[in-house]
Amino acid sequence: MRPRPLFIENPEHDRYVSLVPDGDIEEILNKQQAKTLTLLGSVSEELASKTYAPGKWTLKEVIGHMTDSERVMSYRILAIARNEIAPLPAMDQDQYVSAANFNKLSWEQLLAGLDTVRSNTLSLISTIDEAAWVRKGTVMNSPVSVGTIVYGIVGHELHHMKVISDKYL
């Protein structure tokens, strides 16, 4: 079992890591994937295209954001695990969502993308040994470990699924 990060280097990361329950992180990632896809699979195309308030993202945009965020975080895991020394850039979530045109995609496409990205994340994590798990790199001018990023992926999805449950469904 991979150890939970004991020290979170940046409060922004702790916001998500603190949401993750104790347990085997790979098992949590697998179960989260199934739970999320099951819940979202019953959402209609019409509901997926709506916002819960003016100026907020549609549900399609939220899922697109979750997918893009996991892609970026997985790249960060890969780079740091493979000893990248260059600082990794931030991600402007609003710019990404605006440029992606998620509302033009079908709900089915967006869910398939989310599923594929999680499967790829799990595949990547399976290649990471104990030394790489605690290895640190620089993201947004702050040190961060591979393990913290992995826990951050889970916590980010937990955060958005709570918003989805509370505001959209």
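Heads up: the structure comes first, above all this text.
Residues numbered from 1 in each chain as written. Predicted model: local features only at pLDDT ≥ 70, side-chain atom pairs only at ≥ 80, totals over all residues. Heavy atoms only, no water.

*Asks:* Looking at this structure, how should I read the packing of helix 4 (residues 59-81) against helix 6 (residues 107-125)?
*Replies:* Helices that pack against each other are described as a pair by the angle of their axes relative to one another and the distance between those axes. Between helix 4 and helix 6, the least distance of the axes is 10 Å, while the angle of their chain directions is 20 degrees. Here helix 6 runs roughly parallel to helix 4, going by the angle between their axes. Seen from above, helix 4 lies across helix 6 with left-handed handedness. Across from Leu59, Lys60, Ile63, Gly64, Met66, Thr67, Glu70, Arg71, Ser74, Ile77 and Leu78 in helix 4, the residues of helix 6 making contact are Trp107, Leu110, Leu111, Gly113, Leu114, Val117, Arg118, Thr121 and Leu124. Within the contact of helix 4 with helix 6, the residues separate by chemical class into eleven nonpolar, five polar and four charged. (Axes fitted to C-alpha atoms, helices over the stretch in contact; angles between N-to-C directions. Helix = DSSP H or I, 4+ residues; strand = E, 2+ residues; numbered from the N terminus. Parallel < 35°, antiparallel > 145°, perpendicular 65-115°, else oblique. Left-handed = near helix turned anticlockwise from the far one by under 90°. Contact = heavy atoms within 4.5 Å. Nonpolar A, V, L, I, M, F, W, Y, C, P; charged D, E, K, R; others polar.)

*Asks:* Explain the packing of aromatic side chains here, please?
*Replies:* All told, the structure shown has one aromatic pair when counted by the stated rule. Seen in terms of ring centroids, Tyr52 and Tyr168 are 5.1 Å apart; in terms of plane orientation they differ by 85 degrees. Their pairing is edge-to-face. With Tyr52 in the loop between helix 3 (45-48) and helix 4 and Tyr168 in helix 8 (residues 146-168), this residue pair connects regions lying 116 residues apart in the sequence. Taking relative accessible area as the criterion, Tyr168 reaches 9% and is therefore assigned buried. (Phe/Tyr/Trp six-rings, centres within 6.5 Å; stacked < 30°, edge-to-face > 60°. Buried < 20%, exposed > 50% of the residue type's maximum accessible area, 1.4 Å probe, protein only.)

*Asks:* Sorry, what's going on with helix 4 here?
*Replies:* For an α-helix, the turn length of 3.6 residues means that residues three or four places apart are oriented alike. Taking 1.5 Å of rise per residue, 23 residues should cover 33 Å, and helix 4 covers 32 Å from first to last C-alpha, within 8% of that figure. With 20 of 23 residues buried, helix 4 is to be regarded as a mostly interior element. Looking one or two residues past helix 4, Asn83 carries a phi angle of roughly 70 degrees, positive in sign. (Expected span 1.5 Å × (residues − 1).)

*Asks:* Is there a simple way to think about the pattern of salt bridges in this case?
*Replies:* A side chain with one charge can pair with a side chain of the opposite charge if their charged atoms come near. The full count for this structure, using the stated rule, is nine salt bridges. For Arg4, the salt bridge goes to Asp22, with nearest N and O atoms at 3.5 Å. Taken together, the residues Arg4 in the segment before helix 1 (11-17) and Asp22 in the loop between helix 1 and helix 2 (25-41) connect sequence positions 18 residues apart. Judged by its relative accessible area of 26%, Arg4 falls in the partly exposed class. Overall, the relative accessible area of 67% leaves Asp22 in the exposed class. Put simply, Lys31 and Glu27 hold a salt bridge, and the shortest N to O gap is 3.0 Å. (Salt bridge = Lys/Arg side-chain N within 4 Å of Asp/Glu carboxyl O.)

*Asks:* Would you mind showing me how to read the side chain of Glu61 here?
*Replies:* Relative to the helices and strands, Glu61 is located in helix 4. Reaching out from Glu61, the side chain makes a polar contact with the side chain of Asn103 at a distance of 3.2 Å. Those residues in contact with Glu61 that lie beyond four places of it in its chain are Lys56, Val97, Phe102 and Asn103. (Polar contact = N/O pair within 3.5 Å; in protein donor to acceptor, adjacent residues only side chain to side chain.)

*Asks:* In this structure, what is going on with the environment of Leu114? I would like to understand it.
*Replies:* By secondary structure assignment, the location of Leu114 is in helix 6. A relative accessible area of 4% places Leu114 in the buried class. Taking C-alpha positions, Leu114 is 13 Å from Leu29, a pair spaced 85 residues apart along the chain. Sequence-distant contacts of Leu114, defined by excluding residues within four places in its chain, comprise Thr36, Leu37, Leu40, Ile63, Met66 and Thr67.

*Asks:* Would you mind showing me how to read unusual backbone geometry here?
*Replies:* What you tend to see is this: most non-glycine residues have negative phi, and most peptide bonds are trans. Although it is not a glycine, Asn101 sits at a positive phi angle of roughly 55 degrees. On the secondary structure map, Asn101 appears in the loop between helix 5 (93-100) and helix 6. According to the relative accessible area criterion, Asn101 is partly exposed, its value standing at 42%. Even without a glycine there, the phi angle at Met140 is positive, about 55 degrees. Considering the arrangement of structural elements, one finds Met140 in the loop between strand 1 (136-139) and strand 2 (142-145). According to the relative accessible area criterion, Met140 is partly exposed, its value standing at 34%.

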